[in-house]
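# Descriptive analysis of the structure
For reference, the chains in residue letters:
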Amino acid sequence: MNAIYVFVPGSNSNSFHFSPLLRELTLLGRRALAVDLPGHGFDATFATSYQAPQDPAALATAPAGLEGATHADNVAHVIDVVRRAGEHGPVVLVGHSRGGMTLTGVANAVPELLHRVVYVTAWCCVDLGVGGYMQEPEYASSALNDLGAGLLAGNPAELGVLRMNWRTADPVLLAKLKTAMFADGTDAEFLAALNTLEPDESLDGGDDRVDPDAWARLPHTYVRVTGDRSIPVGLQDRFIREADALLPDNPFDVRSLDTSHMGFLVRPREAAALLAGLA
């Protein structure tokens, strides 16, 4: 039976982010859908102060619909989607970036519902949590470290969410963002990619790590994105190495894609061809 690909977005992202990839997978004869995590997509909060011209002071205090949202909410939501999709065929669950944390939570909880899990330059915590890896040498080269607090549009402790101003007009900050997330894209493509993102993200990214009992027989693929400056390839390789050490009889199936962190948005054919071959 033809597999169903279910995509989980990363931080500040949504199902719209995957539209080019879904199109190319569909044209290859695959069935695919993308998930909006709770509080995202058409449930996201877009304050009028986020529009142009912006009101930075009002944006910094505007209520956040995502306040109080948890990693457990995300995992439960995706499990529900996986159950429903699984009624129509085997499910390949794909996560990008922070979406890998949700992937791990789902794989730990319901491995029997999954045909395969696929991490696309995504967080796959094994020996440490996210905060721990951010203190390690492999993360030191992340270009996200160069952003400082310039992207924050409010105090997370007061807002209860991470609020980012992706619509900034600061040329220095935009240049740093492009380096970190979309170095291989044109300036026009980069601005279009930023406009797929949402200002607010939950503070709770989760602390799930790979459960060797749940993963003992679960096929899993890691797609290394070799031009990624956000999650450096050295850190991606560490995730793979640690998971393989934990599961020597069921190692990662490793593939590589030569794009930036968000490059598959404008070059989706190569990514779709890679993913289509996994089922």
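Placed above this text is the structure.
Right, let's walk through the structure included here. (Residues numbered from 1 in each chain as written. Predicted model: local features only at pLDDT ≥ 70, side-chain atom pairs only at ≥ 80, totals over all residues. Heavy atoms only, no water.)

## Re the overall build of the protein
For clarity, the threshold we go by: Starting at the N terminus, helices and strands are each numbered in turn, a helix being any DSSP run of H or I of at least four residues and a strand any DSSP run of E of at least two. The globule rule is 2.2 Å times the number of residues to the power 0.38, and the radius of gyration it is compared with is taken over C-alpha atoms. Type-normalised accessible area, obtained with a 1.4 Å probe on protein chains alone, sets the label of each residue: buried when under 20%, exposed when over 50%, and partly exposed for intermediate values. In what follows, residue pairs with any heavy atoms lying within 4.5 Å of each other are defined as contacts.
Helix and strand counts for the protein come out as 11 helices and eight strands. The C-alpha radius of gyration of the protein comes to 18 Å, within 12% of the 19 Å expected for a compact globule of 279 residues. The buried share among the 279 residues of the protein stands at 53%. Contacts in the protein between residues at least 24 apart in sequence constitute 77% of all its contacts with a sequence separation of at least 6.

## Some points on the pairing of strand E2 (residues 31-34)
Applicable threshold: Strands pair, by our definition, only if DSSP identifies at least two bridges between them. The path from the first strand over the helix to the second decides the hand: if it runs clockwise while the strands point away from the viewer, the crossover is right-handed.
With four bridges joining them, strand E1 (residues 4-8) and E2 adopt parallel strand pairing. Paired with Phe 7 across the bridge in E2 is Ala 34. Of the crossover connections in this fold, the one passing from E1 over helix H1 (residues 19-27) to the parallel E2 is right-handed.

## Considerations on helix H10 (residues 233-246)
In plain terms, the rule: One less than the number of residues in a helix, times 1.5 Å, gives the span that helix is expected to have.
Taking 1.5 Å per residue, 14 residues should reach 20 Å; H10 reaches 20 Å between its end C-alpha atoms and fits that length. Taken as a whole, H10 has its buried residues at Leu 235, Gln 236, Arg 238, Phe 239, Ile 240, Glu 242 and Ala 243.

## Re the pairing of strand E7 (residues 220-225)
Most of E7 sits inside the fold, with six of its six residues counted as buried. Where burial is concerned, the two faces of E7 agree: the one with His 220, Tyr 222 and Arg 224 and the one with Thr 221, Val 223 and Val 225 are both buried. Pairing of strand E4 (residues 116-120) with E7, which is carried by four bridges, proceeds in the parallel orientation. Within E7, the residue paired with Tyr 119 across the bridge is Tyr 222. Both E7 and strand E8 (residues 253-257) contribute to a ladder of five bridges, which runs parallel. Each residue of the ladder has a partner; that of Thr 221, found in E8, is Asp 253. After leaving E7, the chain enters H10 and then returns to the sheet as E8, a path that is right-handed.

## Quick notes on the packing of aromatic side chains
What counts here: Here the aromatic set is Phe, Tyr and Trp, taking the six-membered ring for Trp, and pairing holds for ring centres within 6.5 Å; pairs whose planes are under 30 degrees apart are stacked, those over 60 apart are edge-to-face, and all others are tilted.
The full count for this structure, using the stated rule, is 12 aromatic pairs. Residues Trp 123 and Phe 239 carry aromatic rings whose centres are separated by 5.6 Å and whose planes lie at 50° to one another, so their mutual orientation is tilted. Remark: Phe 239 occurs in helix H10 and Trp 123 occurs in the loop between E4 and helix H5 (130-134); sequence separation between them is 116 residues. Ring geometry for Tyr 222 against Phe 252: centres 5.7 Å apart, planes inclined by 90°, an arrangement best described as edge-to-face. Of the two residues, Tyr 222 sits in strand E7 while Phe 252 sits in the loop between H10 and E8, which places them 30 residues apart along the sequence. The same class applies to Tyr 222 as to Phe 252, namely buried. Taken together, the ring pairs in this structure connect Tyr 119, Trp 215, Tyr 222 and Phe 252 into an aromatic cluster.

## Looking at the pattern of salt bridges
This is how it is decided: Salt bridge criterion: a side-chain nitrogen from Lys or Arg within 4 Å of a carboxyl oxygen from Asp or Glu.
As enumerated under the stated definition, the model contains 11 salt bridges in all. Two residues, Glu 201 and Arg 98, come together in a salt bridge whose shortest N-O distance is 3.5 Å. With a gap of 103 residues between them, Glu 201 in strand E6 (residues 200-202) and Arg 98 in the loop between strand E3 (91-96) and helix H4 (99-109) connect regions that are remote in the sequence. Glu 201 sits in the buried class, given a relative accessible area of 5%. On the accessibility criterion, Arg 98 (18% relative accessible area) is buried. Linking Asp 237 and Arg 224 is a salt bridge whose minimum nitrogen-to-oxygen distance equals 2.6 Å. Of this pair, Asp 237 sits in helix H10 while Arg 224 sits in strand E7; the two residues are 13 residues apart in sequence, bridging distant segments of the chain. Here the residues in one salt-bridge network are Glu 136, Glu 138, Arg 238 and Glu 242, joined through shared partners.

## Thoughts on the nonpolar core
Under the convention used in this document: Note on terminology: a nonpolar core comprises buried Ala, Val, Leu, Ile, Met, Phe, Trp, Tyr and Cys residues joined through side-chain atoms within 4.5 Å.
Residues Leu 93, Leu 114, Val 117, Tyr 119, Trp 123 and Trp 215 are the most contacted members of the largest nonpolar core, which totals 40 residues. Where this core is concerned, the elements lending two or more residues are E1, helix H3 (71-86), E3, H4, E4 and H10. Of all hydrophobic cores here, the second largest spans 22 residues; its members include Ala 34, Val 118, Ala 272 and Ala 276.

## Points about unusual backbone geometry
For the bond running from Ala 52 to Pro 53, omega is -5°, close enough to zero to count as cis. Mapped onto the secondary structure, Pro 53 falls in the loop between E2 and helix H2 (56-59). Unusually for a residue other than glycine, Ser 97 sits at a positive phi of about 60°. With respect to the element layout, Ser 97 can be found in the loop between E3 and H4. Residue classification places Ser 97 among the buried positions, given a relative accessible area of 11%.

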